[in-house]
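Take a look at the letters that make up each chain.
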Amino acid sequence: MNTAELIYQNVKALSTMESEYLEIFVMPLPIENQAFGYVERKSGLIQINVVVALEKGTIRPAQIADKILTAFKQGTVISAGLKVSRPSYVSAGIKDGVRYVVPVTIQYQNLSS
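So, a few notes on the structure that sits alongside this text. Residue positions are counted from 1 within each chain, in the order its sequence is given. Residues qualify for local features only when their pLDDT is at least 70, as the model is predicted, and side-chain atom pairs are given and counted only at 80 or more; totals for whole chains, interfaces and linings, by contrast, use all residues. Hydrogens are left out, water is left out, and the side-chain values use all remaining heavy atoms of the structure.

Attention now moves to the nonpolar core. Take the buried Ala, Val, Leu, Ile, Met, Phe, Trp, Tyr and Cys residues and link them wherever side-chain atoms come within 4.5 Å; each set so joined is a nonpolar core. Partly exposed residues are those whose accessible area sits between 20% and 50% of the maximum for their type, while under 20% is buried and over 50% is exposed, using a 1.4 Å probe and protein chains only. Grouped together as the largest cluster of nonpolar side chains are 15 residues, with contacts concentrated most on Leu-22, Ile-46, Ile-48, Val-50, Ile-68 and Ile-106. Sort the elements by how many residues they give to this core and strand β10 (residues 99-110) lands first, with 5 residues. Helix and strand definitions follow DSSP, with helices as H or I runs of at least four residues and strands as E runs of at least two, each counted in order from the N terminus.

Shown next, in the form of structure tokens:
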């Protein structure tokens, strides 16, 4: 997968079920205020679903998921003052209609925390 299509929340996909693609979901958690010194902690989850056609095996999506884990190691600065706060992880693959989905979860928080 050299150039996978990235599919964001509530955006129409151009991919067909024969291609590989990534679905990206950003899920912010409620903002926490630290009492002393008033530090506002922003954190949340980024879920990247590796999507392939059903019945094509599990090796290729596992390879893609491993590349995502490598790119988002704990401590990696993502952007806009956010960093990966805990080790990212891959969940078990899911059969979803005509596709096979492997979720990769990345936990983030702001750098000032």
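There is more to say, and it comes next.
On to the pairing of strand β5 (residues 43-53), then. Counted residue by residue, β5 has 9 buried out of 11 residues, so it is predominantly covered. Pairing of β5 with β10 involves 11 bridges; the strand directions are antiparallel. Within the sheet, the bridge partner assigned to Val-51 lies in β10 and is Val-101. Any two strands between which DSSP finds at least two bridges are classified as paired.

Right, let's talk about unusual backbone geometry for a bit. At Glu-55, a position not held by glycine, the phi torsion is positive, near 70 degrees. Considering the arrangement of structural elements, one finds Glu-55 in the loop between β5 and α1 (59-71). Overall, Glu-55 belongs to the exposed group, its relative accessible area being 65%.

Next up on the list: the environment of Ala-65. Topologically, Ala-65 is positioned in helix α1. Overall, the relative accessible area of 2% leaves Ala-65 in the buried class. The spacing of Ala-65 and Leu-22 is 43 residues in sequence and 9.9 Å in space, taken between C-alpha atoms. Only heavy atoms matter for contacts: two residues are in contact if any of them lie within 4.5 Å across the pair. Among all residues touching Ala-65, those that are not within four sequence positions of it are Val-50, Val-90, Val-102 and Val-104.

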